[in-house]
Number of protein chains: 2
Amino acid sequence: MDIAALRTANPDHWSKAAAIRALTLDAVHAANSGHSGMPMGMADVATVLFEKHLKFDASAPNWPDRDRFILSAGHGSMLLYSLLHLTGYEDMTLEQVKNFRQWGAITAGHPEYGHAKGIETTTGPLGQGISNAVGFAMAEEILRARYGKALQDHYTYVIAGDGCLMEGVSQEAITLAGRHALGKLIVFWDNNNITIDGTVDLADRTDQVKRFKSAEWQVLEIDGHDPQAIDEAITAAKKTNKPTMIACKTHIALGHAAQDTSKGHGALTDNAQLKAAKEAYGWTGGPFEVPADVKSAWEAIGSRGSEERTAWEDRLAEKSERRQAEFARIFDRDVPKRLAGQIRAFKRRIAEEAPKVATRKSSEMALDVINPILTETVGGSADLSGSNNTKSGDMTVFDTDNRKGRYVHWGIREHGMAAAMNGMVLHGGIRPYGGTFMCFTDYARPSMRLAALMQVPTVFVMTHDSIGLGEDGPTHQPVEHLAISRATPNTWVFRPCDTVETAEAWELAFTSKETPSVLSLTRQGLPTLRTEYKSRNLTEQGAYVLADSDSKRQAILIATGSEVEIAMKARDLLQAEGIGTRVVSMPCMELFAAQDEAYRRKVLPAGAVRVGIEAAMRNGGWDRWLLGERGREAKAGFIGMSSFGASAPAGELYQQFGITAQATVAKVKELLG
Amino acid sequence: MDIAALRTANPDHWSKAAAIRALTLDAVHAANSGHSGMPMGMADVATVLFEKHLKFDASAPNWPDRDRFILSAGHGSMLLYSLLHLTGYEDMTLEQVKNFRQWGAITAGHPEYGHAKGIETTTGPLGQGISNAVGFAMAEEILRARYGKALQDHYTYVIAGDGCLMEGVSQEAITLAGRHALGKLIVFWDNNNITIDGTVDLADRTDQVKRFKSAEWQVLEIDGHDPQAIDEAITAAKKTNKPTMIACKTHIALGHAAQDTSKGHGALTDNAQLKAAKEAYGWTGGPFEVPADVKSAWEAIGSRGSEERTAWEDRLAEKSERRQAEFARIFDRDVPKRLAGQIRAFKRRIAEEAPKVATRKSSEMALDVINPILTETVGGSADLSGSNNTKSGDMTVFDTDNRKGRYVHWGIREHGMAAAMNGMVLHGGIRPYGGTFMCFTDYARPSMRLAALMQVPTVFVMTHDSIGLGEDGPTHQPVEHLAISRATPNTWVFRPCDTVETAEAWELAFTSKETPSVLSLTRQGLPTLRTEYKSRNLTEQGAYVLADSDSKRQAILIATGSEVEIAMKARDLLQAEGIGTRVVSMPCMELFAAQDEAYRRKVLPAGAVRVGIEAAMRNGGWDRWLLGERGREAKAGFIGMSSFGASAPAGELYQQFGITAQATVAKVKELLG
């Protein structure tokens with residue numbers, strides 16, 4: 001690569017791009033870890049994008065109509081941090097750049113959403129950013145259709161590497177974007193032919209151009225170090241109704257001794273090589289020094305959008321007060337005040353009617369109440385709409401000719417669905433929820449974890465939540481999936497026992513601002529157990545006394561979801577034998593753990609044996625409630641699963657696996673000695 | 001669809017295919033659940049495949065050189081059960097077919113490996129079968145290179161539906177197969193244009209032909225109901241060096257009122273419609289009745305391969321005794337007898353040398369000993385070879401020009417790697433292991449679960465297993481992943497504390513015949529703690545006393561992996577203060593749980609406070625050991641994680657998150673009151 005030629009051909013461009021490269025080299029050197037090569041390879045693309053196309057204002061990072069820039073190749077975080085620092089984002093100080101990858105800095109190893117302004121999503125696990133981007137672009141389409149171009153009309157740009165494109169989830173994302181003709185989605189592929197193990201060819205020979213075209217994308221191919229070609233490609237990308245992939249031929253670690261090698265992917269910290277690279281760049285500043293003229297050129301880019309932003313604010317101010325308030329509300333993740341009252345009315349009606357329905361149906365009934373009020377919801381399912389009961393009556397299907405549609409047929413793409421839902425909520429203005437069978441939590445896991453880590457309230461509707469699914473058999477019967485989600489920090493796992501608890505769970509899921517929710521719902525019918533109307537959302541406490549002992553309390557049965565019915569039957573049997581028995585319904589362990597100790601002790605007092613009942617593995621967080629956090633609190637047992645399920649009718653499976661009222665009674669007696 | 005024309009055009013073919021359709025309708029009707037449409041749509045393809053091409057012998061279902069037939073669209077299980085019954089597999093009796101989806105039957109809702117002969121892999125979770133198939137085809141290539149065409153020379157056939165192709169993992173599988181020119185892999189795409197939610201177009205408009213071609217596949221397009229076209233396509237597929245995808249245009253639920261509709265996907269149980277469909281087929285038999293001539297025609301197909309099979313046995317018998325024994329051994333999943341001695345010698349050397357290395361490096365050291373002996377291993381990594389330390393010194397890279405290569409560069413495809421590894425072990429003759437960062441367990445989860453469910457001993461090497469990973473930050477730091485694997489039935493999770501335990505874990509992983517293993521290994525260096533040589537594999541007991549109290553035992557510290565070092569330091573501090581402290585190393589909770597109660601009590605006697613130390617969530621199965629299974633056994637505490645990690649150097653993270661010897665000492669004192 002003739003660096004000198006690049007420098008002299010476009011000196012103004014070069015110096016700006018070199019600033020990114022120099023800061024990257026310095027920060028990685030200081031941290032003695034990180035990834036130098038990608039920012040060095042993609043600095044030219046990023047510079048042209050930010051200088052000439054990206055609609056943003058560094059002084060207003062939350063402007064709802066900004067273009068979104070997503071670094072899907074998150075290991076190249078110094079590219080983003082450099083851009084944010086250079087363009088003048090207030091919080092991205094030079095000090096933060098100097099503290100790259102250190103405790104307390106906002107400059108984490110990979111970009112972490114919420115750490116610094118301008119980080120649109122957390123990336124690093126490959127394939128996630130490009131898949132989030134589909135949700136960003138869908139959100140923009142929906143909001144543009146609802147609020148008009150005056151308020152919503154922006155692009156979503158992505159930088160993705162070979163790793164992103166090899167991950168399967170990228171195929172789900174690409175085909176979704178093509179199917180829905182997301183023309184405002186523009187992906188730069190950092191085509192540097194290098195992965196950690198060596199050249200891409202070691203593991204992959206996919207013709208990415210053909211692959212994207214097979215999914216109805218526009219594909220452009222350019223030299224990723226030619227500023228004019230980059231500019232022209234972006235201009236062309238903005239003009240089509242298809243999503244565009246710009247294949248950028250680049251050199252990883254451009255200008256460094258490790259250029260074009262897998263060594264160049266990682267941390268380049270050798271002093272002499274660093275010095276040589278900077279010399280090749282014509283960079284004379286010391287570590288972390290950016291010449292004043294270069295910095296001010298970058299700052300001009302950072303403020304380039306301020307006029308456009310204030311014009312947007314003027315347009316917003318012209319809207320009706322109601323419209324303005326609604327727009328602010330949905331971007332603040334607030335719910336309308338009247339939601340609470342409507343849910344209370346629904347609960348009152350259900351308590352009276354006491355329907356016997358599966359909680360997946362309860363969920364649909366609740367959504368029929370919620371969705372007409374919470375108009376920013378977007379529902380969907382991974383090709384199980386009729387089974388997940390995720391489509392409420394008022395919803396039409398999102399499509400190229402119905403951008404206002406609020407229901408998405410995600411196809412058989414659980415992972416892509418979860419990632420795109422994260423993108424929607426990160427974009428703002430949308431509250432997404434999507435369904436699949438709970439067993440396929442497995443497919444969506446990487447994105448579910450990131451929702452928790454990013455602190456965004458995505459809602460995962462997981463139906464058919466136990467052996468109660470029946471004949472489809474163990475491949476479709478979750479036993480460990482409650483444990484999986486419960487072991488994940490910042491995740492609410494709701495397993496409601498009836499329609500009332502299901503409505504309460506939905507209320508909590510949608511009023512959550514920073515915690516994703518998993519709704520664990522049954523295939524099989526369940527009776528209404530909350531037949532006494534309570535205006536208060538009891539699920540908010542995580543657990544509560546559903547039925548107390550009639551006589552001296554000797555046993556406490558703790559159950560969730562479909563097994564609360566079994567606990568109630570066991571209580572009847574035990575009390576008939578004079579054994580005073582309390583039933584605690586525990587729809588959300590995480591919320592119960594968040595209550596004060598006094599309440600927890602009130603619900604689970606010492607002095608009685610305890611039996612937990614849940615058609616799942618005991619490892620799912622049970623022992624804390626059964627044994628007490630420090631132990632020695634109670635004698636306890638568990639009725640549940642200790643193996644995979646089997647294929648048979650649900651009733652037979654409950655009998656065969658011993659999850660019955662009779663088994664519960666026997667366990668209590670055994671513990672009472 | 002003109003069924004009459006199909007019938008008259010090829011009556012012999014038709015009656016055989018109709019038998020599949022009729023059995024499917026009857027079985028689904030009897031079960032009142034299941035999926036009728038797919039077997040009805042693909043019966044013609046399957047009939048031609050089995051009649052004219054598939055190399056198999058129903059009387060010898062384990063013949064190592066049989067062609068493999070994988071029903072990736074596992075919901076169409078009645079297609080497979082019909083074929084197995086009709087061709088005369090001994091265990092697939094008519095009674096089993098009649099008991100479709102019932103308790104105890106081998107005819108589960110989805111095909112379950114191990115239930116019936118002829119089920120090559122468990123399918124149902126979409127995309128898995130086609131991805132397993134890549135492993136099958138790679139295993140065949142490797143074994144053919146090693147043992148010659150005389151012993152190994154077969155095809156792997158797959159039926160995949162739209163669901164399989166929409167799942168992201170299929171892209172990983174397709175691109176792997178193309179990269180490695182797996183010419184003996186032949187995939188039939190059931191192109192029926194229907195998914196559960198409606199037509200495919202609702203969610204996807206991918207040009208599958210172009211997509212497969214972009215990954216270097218041969219693609220053929222045929223009418224999936226034309227026997228001659230099917231036959232010709234298979235013949236053409238067998239002739240190329242590329243993998244072949246045969247796009248079969250089919251009608252779901254052919255001949256039924258629900259044909260070509262999403263309703264046709266599910267259970268077709270209406271009596272009148274069932275009768276009408278059978279009439280259209282010209283099928284006169286009662287429920288589950290197959291005319292004698294049709295059954296005998298199918299049985300002839302089932303025995304068609306017996307001559308070829310005996311010829312193969314003759315060829316095997318001609319090999320040297322040593323070669324024969326080796327061939328039998330690898331297909332029996334046995335290890336060579338001398339492995340144990342070599343591992344003992346390694347342990348003795350390590351106990352003396354006491355190296356301070358990361359356990360990922362310990363793992364490489366162990367593999368350097370094991371791989372030259374266990375020549376059926378195939379290692380690999382999802383583009384983290386240097387980080388996972390999975391490539392031992394003697395391994396060369398599997399490639400188109402080196403089919404004997406035993407190391408696979410899987411690319412950035414954790415899910416595809418896991419699924420293909422399952423395929424390798426299912427094929428037989430190969431013991432696969434593959435690495436990634438433990439956090440990306442998330443990506444591989446669906447296949448890891450299936451390894452456990454299928455009872456196959458795939459080995460997942462998960463390095464960088466805690467915040468000890470350091471600067472890459474929380475996206476790369478597992479905290480819940482030990483819990484995830486421990487909550488999964490039939491999975492051994494090994495978290496060794498040093499090189500000796502790592503070698504023991506490898507020995508157990510490779511001697512396992514029915515349980516997959518997860519090896520949880522550190523990035524950071526650890527001292528050798530097992531400096532006293534023991535010939536016995538102590539890890540086999542799951543937990544053991546590493547260091548006992550010098551004085552009256554007041555505390556037991558239980559730790560795993562990198563935290564055992566911390567426990568040992570805490571013990572020193574506590575004993576210096578006169579608090580007798582035992583340290584229990586617990587490298588595998590599952591194996592400890594499998595010990596008899598006497599041993600468990602010996603290791604964890606009552607009467608001392610207990611503190612668990614693990615840089616992960618407490619939900620990962622800890623309470624059973626801390627509190628006792630029925631509670632009231634001990635006062636206990638836990639030193640670990642209760643949130644996601646952060647980006648900083650590892651040492652700082654351990655301090656900040658309070659996972660230190662000092663914190664352990666404080667916890668013990670608090671519990672002792």
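Residue positions are counted from 1 within each chain, in the order its sequence is given. Just so you know, chain letters begin at A and ligand numbers begin at 1, following the order they were written in. Local features are withheld for residues below a pLDDT of 70 in this predicted model, meaning they are given only at 70 or higher, and side-chain atom pairs are given and counted only at 80 or more; totals for whole chains, interfaces and linings count all residues. The side-chain quantities take in all heavy atoms of the structure and omit both hydrogens and water.

Comments concerning the domain arrangement of chain A
Residues and elements named next belong to chain A. For the record, the criterion: Just so you know, the domain bounds were taken from an automatic or database domain assignment. In this description, contact between two residues means that some pair of their heavy atoms is separated by no more than 4.5 Å. Accessible area that two parts lose when put together, evaluated with a 1.4 Å probe and summed over both, is termed the buried area. One side-chain nitrogen of Lys or Arg within 4 Å of one carboxyl oxygen of Asp or Glu is enough to make a salt bridge. Put simply, DSSP H or I for four residues or longer makes a helix, DSSP E for two residues or longer makes a strand, and each gets a number counted from the N terminus.
Each assigned domain of chain A is listed with its residue range as follows: domain 1 (3-310), domain 2 (337-527) and domain 3 (541-672). Spacing between the C-alpha centres of domain 1 and domain 2 amounts to 34 Å. Counting residues at the interface gives 31 residues for domain 1 and 31 residues for domain 2. Taken together, both faces of the contact between domain 1 and domain 2 bury some 2,700 Å²; the carbon and sulfur share is 64%. At the junction of domain 1 and domain 2, the tally comes to two salt bridges. Those elements giving two or more residues to the side of domain 1 that touches domain 2 turn out to be helix 6 (128-147) and helix 8 (168-179). Here the element with the most residues in the side of domain 1 that touches domain 2 is helix 6; it accounts for 14 residues.

Regarding the relation of the copies chain B and chain A
To be explicit about the condition: Least squares is the method used to superpose the copies, on C-alpha atoms of residues holding a pLDDT of at least 70 in both.
For the pair chain B and chain A, the superposition axis carries a translation of 0.0 Å, the fit reaches an RMSD of 0.0 Å, and the rotation angle comes to 180°. Given the turn and translation reported, the copies of this chain are related as if by a two-fold rotation axis. Taken together, the interface assignments show that 100% of the residues at the interface of chain B recur at the interface of chain A, consistent with an identical surface on both copies.

A closer look at the sheet that holds strand 18 (residues 580-585) of chain A
Residues and elements named next belong to chain A. Put simply, the rule is: Pairing between two strands is assigned when DSSP locates at least 2 bridges connecting them. Axis geometry follows a simple rule: fit a line to the C-alpha atoms, using only the stretch in contact for helices, then measure angles between N-to-C directions, giving values from 0 to 180 degrees.
Pairing is mixed in the open sheet, where five strands are placed in the order 16-18-17-19-20. Two strands close off the open sheet at either side, each with one partner strand: strand 16 (544-547) and strand 20 (636-641). Each adjacent strand pair in this sheet contributes to an overall mean axis angle of 30°, direction not counted. Bridge count for strand 17 (residues 553-559) against strand 18 is six bridges, and the pairing is parallel. In the sheet register, Ile 558 faces strand 18, and the bridge partner there is Val 584.

Looking at the interface of chain B and chain A
Cut-off, in case you're wondering: For this analysis, a polar contact is any N or O atom pair within 3.5 Å, provided that within protein one partner can donate a hydrogen and the other can accept it, and provided that sequence-adjacent residues contribute only side-chain to side-chain pairs. Polarity classes work like this: nonpolar for Ala, Val, Leu, Ile, Met, Phe, Trp, Tyr, Cys and Pro, charged for Asp, Glu, Lys and Arg, and polar for all others, with Gly in that last group.
Listed by partner, the interface residues are 104 residues for chain B and 104 residues for chain A. In total, about 8,800 Å² of surface goes out of reach between chain B and chain A, with carbon and sulfur atoms giving 55% of it. Taken as a group, B:Trp103, B:Tyr443 and B:Arg449 account for 9% of the area that chain B buries against chain A, more than any other trio of residues on that side. A salt bridge links B:Arg445 to A:Glu480, with the shortest nitrogen-to-oxygen separation between them at 2.8 Å. Scanning the region where chain B abuts chain A turns up 47 residue pairs in polar contact (both at pLDDT 80 or more). A per-element tally of the side of chain B that touches chain A places helix 19 (residues 441-454) of chain B first, with eight residues. By residue class, the composition of the side of chain B that touches chain A is 38 nonpolar, 34 polar and 32 charged.

Brief notes about the UniProt feature "site: Important for catalytic activity" (unreviewed entry) in chain A
All names here are of chain A. The cut-off we apply is this: UniProt positions are given in the numbering used here, feature names are shortened, and annotations may be inferred rather than shown by experiment. Whether a residue is buried, partly exposed or exposed follows from its accessible area with a 1.4 Å probe, protein chains only, as a fraction of its type maximum: under 20%, in between, or over 50%, in that order.
Listed under "site: Important for catalytic activity" (unreviewed entry) in the UniProt record, and renumbered for this structure, are His 35 and His 265. In three dimensions, the annotated residues from a span of 231 residues occupy one location, with a maximal C-alpha spread of 5.9 Å. Within the secondary structure, His 35 sits in the loop between helix 2 (11-31) and helix 3 (37-53). The class for His 35 is buried, based on a relative accessible area of 13%. Aside from chain neighbours lying at most four places away, what touches His 265 is His 35, Ser 36, Gly 37, His 75, Ile 196 and Ile 252.

A few points about the pattern of salt bridges
Residue and element names in this part refer to chain A. Using the criterion set out here, one finds 84 salt bridges over all chains in the structure. Where Glu 577 meets Lys 669, a salt bridge forms, and the shortest distance between an N and an O atom there is 2.8 Å. With Glu 577 in the loop between helix 22 (563-576) and strand 18 and Lys 669 in helix 27 (residues 661-672), the pair connects residues that are 92 residues apart, well separated along the chain. Residue Glu 577 is classed as partly exposed on the basis of its relative accessible area, which comes to 48%. Across the pair Arg 601 and Glu 597 runs a salt bridge whose closest N-O atoms are separated by 3.1 Å. Taken together, the positions of Arg 601 and Glu 597, both in helix 24 (residues 597-603) and four residues apart, correspond to about one turn of that helix. Among the residues examined, Glu 597 registers a relative accessible area of 46% and is labelled partly exposed.

What to know about the UniProt feature "binding site: thiamine diphosphate" (unreviewed entry) in chain A
Under the feature "binding site: thiamine diphosphate" (unreviewed entry), the UniProt entry names A:His75, A:Gly124, A:Pro125, A:Leu126, A:Gly163, A:Asn192, A:His265 and A:Phe440. In summary, the annotated positions, distributed over 366 residues, remain apart in three dimensions as well, the widest C-alpha pair reaching 34.4 Å. With respect to the element layout, A:Pro125 can be found in the loop between helix 5 (94-98) and helix 6. Those residues in contact with A:Pro125 that lie beyond four places of it in its chain are A:Leu450, B:Phe440, B:Tyr443, B:Thr475 and B:His476. Along the polypeptide, A:Asn192 turns up in the loop between strand 3 (185-191) and strand 4 (194-195). Assessed through its relative accessible area of 8%, A:Asn192 is described here as buried.

Brief notes about the state of the cysteines
Let me state the cut-off plainly: When the sulfur atoms of two cysteines come within 2.5 Å, that pair is taken as a disulfide.
Applying the stated criterion across every chain yields a total of zero disulfides over all chains. Here A:Cys588 is not cross-linked by a disulfide; its sulfur's nearest cysteine counterpart is in A:Cys497, at 13 Å. Accessibility expressed as a relative area gives 0% for A:Cys588, which makes it buried. This cysteine, B:Cys164, is not joined by any disulfide, and B:Cys248 carries the nearest cysteine sulfur, 13 Å off.

Points about the packing of aromatic side chains
Going by this rule: Planes of paired rings set the category: under 30 degrees apart is stacked, over 60 is edge-to-face and the rest tilted, where pairs are Phe, Tyr or Trp rings (Trp by its six-membered ring) whose centres lie within 6.5 Å.
What the rule picks out here adds up to 42 aromatic pairs over all chains. Considering the side-chain rings of A:Phe56 and A:Tyr89, the 6.3 Å spacing of their centres and the 5° angle between planes classify their relative orientation as stacked. Of the two residues, A:Phe56 sits in the loop between helix 3 and strand 1 (68-71) while A:Tyr89 sits in the loop between helix 4 (77-87) and helix 5, which places them 33 residues apart along the sequence. Judged by relative accessible area, A:Tyr89 falls into the buried class, the value being 9%. Plain terms: the ring middles of B:Tyr155 and B:Tyr157 are 6.0 Å apart, the flat faces sit at 35° to each other, and that makes the pair tilted. Among the residues examined, B:Tyr155 registers a relative accessible area of 14% and is labelled buried.

Observations concerning the pairing of strand 18 of chain A
Residue and element names in this part refer to chain A. We count it as follows: The handedness of a crossover follows from its direction of travel: if, with the strands pointing away from the viewer, the path from the first strand over the helix to the second runs clockwise, the crossover is right-handed.
Counting buried residues along strand 18, six of its six residues qualify, which places the element largely inside the surrounding structure. Of the two faces of strand 18, the one holding Gly 580, Arg 582 and Val 584 and the one holding Thr 581, Val 583 and Ser 585 are both buried throughout. The sheet contact formed by strand 16 and strand 18 spans three bridges and is antiparallel. Bridge assignment links Ala 547 to a residue of strand 18, and that residue is Val 583. Crossover connection from strand 17 via helix 22 to parallel strand 18: handedness right-handed.

A look at the packing of helix 3 of chain A against helix 10 (residues 227-237) of chain A
All names here are of chain A. Using the following cut-off: Orientation labels follow simple angle bins: below 35 degrees gives roughly parallel, above 145 gives roughly antiparallel, 65 to 115 gives roughly perpendicular, and whatever is left gives oblique. Two helices cross in a left-handed way if the nearer one is turned anticlockwise from the farther one by less than a right angle. They cross in a right-handed way if the turn is clockwise.
One can describe the packing of helix 3 onto helix 10 by two numbers: an axis separation of 9 Å at closest approach and a directional angle of 55°. Taken together, helix 3 and helix 10 sit at an angle that is classed as oblique. Helix 10 is crossed by helix 3, and the crossing has right-handed handedness. Along the contact surface, helix 3 presents Asp 44, Val 45, Val 48, Leu 49, Lys 52 and His 53, while helix 10 presents Pro 227, Ile 230, Asp 231, Ile 234 and Thr 235. Classifying every residue of the contact of helix 3 with helix 10 by side-chain character gives six nonpolar, two polar and three charged.

What about the packing of helix 2 of chain A against helix 3 of chain A?
Residue and element names in this part refer to chain A. Look at helix 2 against helix 3: their axes get within 9 Å of each other, and the N-to-C directions meet at 135°. In terms of orientation, helix 2 lies oblique with respect to helix 3. The two elements helix 2 and helix 3 cross, and the hand of that crossing is right-handed. Packed against helix 2, whose contacting residues are His 13, Lys 16, Ala 17, Ile 20, Arg 21, Thr 24 and Leu 25, the element helix 3 presents Pro 39, Met 40, Gly 41, Ala 43, Asp 44, Thr 47, Val 48 and Glu 51 at the interface. Taken together, the residues that form the contact of helix 2 with helix 3 break down as seven nonpolar, four polar and four charged.

Observations regarding the nonpolar core
To keep things clear, this is the line we draw: We define a nonpolar core as any set of buried Ala, Val, Leu, Ile, Met, Phe, Trp, Tyr and Cys residues linked to one another through side-chain atoms lying within 4.5 Å.
By size, the foremost hydrophobic cluster in this structure holds 244 residues, and its most contacted members are A:Leu185 and B:Leu185. The contact partners of A:Leu185, leaving out residues within four places of it in the chain, are A:Ala133, A:Val134, A:Ala137, A:Thr156, A:Val158, A:Ala177, A:Trp217, A:Pro243 and A:Thr244. Within the second largest apolar cluster, 70 residues are counted, among which are B:Leu49, B:Ala58, B:Phe100 and B:Phe288.

Considerations on the sheet that holds strand 18 (residues 580-585) of chain B
All names here are of chain B. Taken in spatial order, the five strands of this open sheet run 16-18-17-19-20, and their pairing is mixed. In this open sheet, the two strands that pair with only one neighbour each are strand 16 (544-547) and strand 20 (636-641). Taken over all neighbouring pairs, the strand axes of this sheet differ in orientation by 30° on average, direction set aside. In the packing of helix 22 (residues 563-576) onto the sheet, the strands contacted are strand 16, strand 17 (553-559), strand 18 and strand 19 (609-617), and the crossing angle to strand 18 comes to about 170°. Sheet strands in contact with helix 27 (residues 661-672) are strand 17, strand 19 and strand 20, and its direction is about 140° off that of strand 19.

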